[in-house]
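Below, each chain spelled out in residue letters.
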Amino acid sequence: MRVLVTGGMGYIGSHTCVQMIEAGMTPIILDNLYNSKKSVLSRIEMLTGVSPAFYEGDIRDRTFLDKVFAENKIDAVIHFAGLKAVGESVEKPLEYYDNNVHGTLVLVEAMRAAGVGSLIFSSSATVYGDPASVPIKEDFPTSATNPYGRSKLMVEECLTDIQHAYPEMSITLLRYFNPVGSHQSGLMGEDPQGIPNNLMPFISQVAVGRREFLSVFGDDYPTVDGTGVRDYIHVLDLADGHLAALTHKGSEAGLHIYNLGTGNGFSVLQMIDAFSKAAGVEVAYQVVSRRPGDIAECWADPAKAKEELHWQATRTIDDMTADTWRWQSSNPDGYPDL
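Numbering of residues begins from 1 in every chain and follows the order in which that chain's sequence is written. For this predicted model, a pLDDT threshold of at least 70 governs which residues receive local features, and a threshold of 80 or more governs which side-chain atom pairs are given and counted, while totals over whole chains, interfaces and linings are taken from all residues. Heavy atoms from the whole structure form the basis of all side-chain values; hydrogens and water molecules are not counted.

1. A few points about the UniProt feature "domain: NAD(P)-binding" (unreviewed entry) in the protein
Part 1: UniProt positions are given in the numbering used here, feature names are shortened, and annotations may be inferred rather than shown by experiment. Sequence positions flagged by UniProt for "domain: NAD(P)-binding" (unreviewed entry) are, in local numbering, residues 4-323.
Part 2: Along residues 4-323, the helical share is 40% and the strand share 18%, with 27 Å between the first and last C-alpha atoms. For the purposes of this entry, the term helix denotes a DSSP run of H or I that reaches at least four residues, the term strand denotes a run of E that reaches at least two, and both are numbered from the N terminus.

Okay, here's the thing in structure tokens:
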């Protein structure tokens, strides 16, 4: 199977490409390198012995997309490409709607023109807003509290309408919870450009000495220790979820929606403690005031994915923290610049 992977040089995309190659699939990577580096390609080759085709360009460029589809016999598309920082989205909503929503529509137009009818979309648990209860199931109401979340929800709604209009298409919406971890080799991991927006890369950068301390946003939530509780999923489990979606739903017409999470929640302080043990380094942190829009707890009910995709997360919090530390300690400055 030949699969176009938009955003394939990014954190989740690159790990998914490795898992795809090892499963006998052929990824064709498309990325504008806005939040990734070209040196990722050599790491994929080091791990798999395969150097995937790579196209540098933007999903909003229809002429460029048409060229990519014309030069490759593509069976399906996994769509990771998108801006993803909540705070930045509040400051730059135009960029988020243009890139995430408009970019997806241009991509689907190009797919339709090329006769490609299978799409896996990288969505987010943020579309559930502040859930009334946990664990979260796929049929829970959706809402959004910031432009990033709204852009994901808008894309989901657009793709739902598109699949209804073109019922022969297979469109799968994968709602991720909190991806963490790295490839067990230490050769690939999360390398955010600038200040990290997610917990794990920030913890690891403090541990390796790149940052002085971690800010913990609030310790007065109604949770086990007062800090926010989230469902953290190893990036390789998440990558395997995409392969399962391709295998079981990629050629089945319809709209398919799945949570990808572990079904367990860990607090910020529990993650700090687990990482400190894995790294043998105390992670300095300071408690500061809550962030607007943050919720107390959020974790998945992944039963539907287990039943229909025959997939479930298997890697533990110890795996997540140990693999992250292996990556960060071996690559303290992230991927090299080319």
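On we go.
2. A few points about the pattern of salt bridges
Part 1: Salt bridges are identified by distance alone: a Lys or Arg side-chain nitrogen within 4 Å of an Asp or Glu carboxyl oxygen. In total, this model carries 17 salt bridges according to the counting rule given.
Part 2: In this structure, glutamate 109 engages arginine 62 in a salt bridge whose closest nitrogen and oxygen atoms are separated by 3.8 Å. One end of the pair, glutamate 109, is in helix α5 (residues 93-114); the other, arginine 62, is in helix α3 (residues 62-71), and 47 residues separate them in sequence.
Part 3: On the basis of relative accessibility, which here comes to 45%, the residue glutamate 109 falls in the partly exposed class. Note on exposure labels: buried denotes an accessible area under 20% of the residue type's maximum, exposed denotes more than 50%, and partly exposed covers the range between, all computed with a 1.4 Å probe on protein chains only.

3. Side note on helix α8 (residues 235-249)
Part 1: Take the number of residues in a helix, subtract one, and multiply by 1.5 Å to get its expected span. With 15 residues, α8 should reach 21 Å at 1.5 Å per residue; the first-to-last C-alpha distance of 21 Å fits that figure.
Part 2: Counting buried residues in α8 gives twelve out of 15 residues, a clear majority hidden from the surface.

4. Some points on the sheet that holds strand β1 (residues 2-6)
Part 1: Pairing is parallel in the open sheet, where seven strands are placed in the order β3-β2-β1-β4-β5-β6-β11. Only two strands of the sheet have a single partner each, and these edge strands are β3 (53-56) and β11 (254-260). Within this sheet the neighbouring strands show an average axis-to-axis angle of 20 degrees, counted without direction.
Part 2: Of the pairings in the sheet, the one linking strand β4 (residues 76-79) to strand β5 (residues 118-124) comprises three bridges and is parallel in character. Its bridge partner lying in β5, valine 77 is registered against leucine 119.
Part 3: Along the sheet, α3 contacts β1, β2 (26-31), β3 and β4; its crossing angle with β3, the most-contacted strand, is approximately 165 degrees.
Part 4: Note on contacts: a residue pair qualifies if any of its non-hydrogen atoms lie within 4.5 Å across the two residues. Lines are fitted to the C-alpha atoms to define the axes, a helix being fitted only along its stretch in contact, and any angle between axes, read from their N-to-C directions, falls within 0 to 180 degrees. Helix-sheet contacts for α5 involve β1, β4 and β5, and the interaxial angle to β4 is about 175 degrees. At least two bridges found by DSSP between two strands are what make those strands a pair.

5. Details of the environment of proline 167
Part 1: Within the fold, proline 167 resides in the loop between α6 (147-165) and β6 (170-176).
Part 2: Residue class for proline 167 comes out exposed when judged on its relative accessible area of 53%.
Part 3: Sequence separation between proline 167 and leucine 255 is 88 residues; the distance between their C-alpha atoms is 8.7 Å.
Part 4: For proline 167, the residues in contact, after removing those within four places along its chain, are Ala253 and Gly254.

6. Here's the deal with the packing of helix α7 (residues 199-207) against helix α11 (residues 317-330)
Part 1: In the contact formed by α7 and α11, the axes pass within 10 Å of each other and the chain directions differ by 55 degrees. Classified by the angle their axes make, α7 and α11 are oblique. α11 is crossed by α7, and the crossing has right-handed handedness. In contact with Met200, Pro201, Ser204, Gln205 and Ala207 of α7, α11 contributes Met320, Thr321, Thr324, Trp325 and Gln328.
Part 2: Taken together, the residues of the contact of α7 with α11 break down into five nonpolar, five polar and no charged. What sets the label is the angle itself: under 35 degrees gives roughly parallel, over 145 gives roughly antiparallel, 65 to 115 gives roughly perpendicular, and the rest give oblique. Helix crossings fall into two classes, left-handed where the near helix is turned counterclockwise from the far one by less than a right angle and right-handed where it is turned clockwise. Gly counts as polar in this scheme, as do all residues outside two lists: the nonpolar Ala, Val, Leu, Ile, Met, Phe, Trp, Tyr, Cys and Pro, and the charged Asp, Glu, Lys and Arg.

7. Considerations on the nonpolar core
Nonpolar side chains tend to gather and get buried jointly when the protein is soluble and globular.
Part 1: Residues belong to one nonpolar core when they are buried, are Ala, Val, Leu, Ile, Met, Phe, Trp, Tyr or Cys, and are joined through side-chain atoms within 4.5 Å. By size, the foremost hydrophobic cluster in this structure holds 38 residues, and its most contacted members are Ile44 and Leu260.
Part 2: In contact with isoleucine 44, not counting residues within four places along its chain, are Ser14, Cys17, Val18, Ile21, Ile29, Gly49, Val50, Pro52 and Met188.
Part 3: Grouped together as the second largest cluster of nonpolar side chains are 28 residues, Leu4, Val108, Ile171 and Ile257 included.

8. Here's the deal with the packing of aromatic side chains
Part 1: Put simply, two rings from Phe, Tyr or Trp (the six-membered ring, in Trp's case) pair if the centres are within 6.5 Å, and we call them stacked under 30 degrees between planes, edge-to-face over 60, tilted for the rest. For the structure on display, the rule yields three aromatic pairs.
Part 2: Where tyrosine 55 meets phenylalanine 64, the ring centres are 6.5 Å apart and the plane angle is 65 degrees; that geometry is what we call edge-to-face. As far as burial versus exposure is concerned, tyrosine 55 and phenylalanine 64 are alike and both buried.
Part 3: Taking the centre distance of 4.7 Å and the plane angle of 50 degrees together, the rings of tryptophan 327 and tyrosine 335 count as tilted.
Part 4: Assessed through its relative accessible area of 5%, tyrosine 335 is described here as buried.
Part 5: The ring of phenylalanine 202 has arginine 211 sitting right over it, with the charged end atom 5.7 Å from the ring centre.
Part 6: In this scheme, the term charge over a ring applies when either NZ of a lysine or CZ of an arginine sits within 6 Å of the ring centre and within 35 degrees of the ring normal. Lying over the aromatic face of tyrosine 258, lysine 304 brings its terminal NZ or CZ to 4.9 Å of the ring centre.

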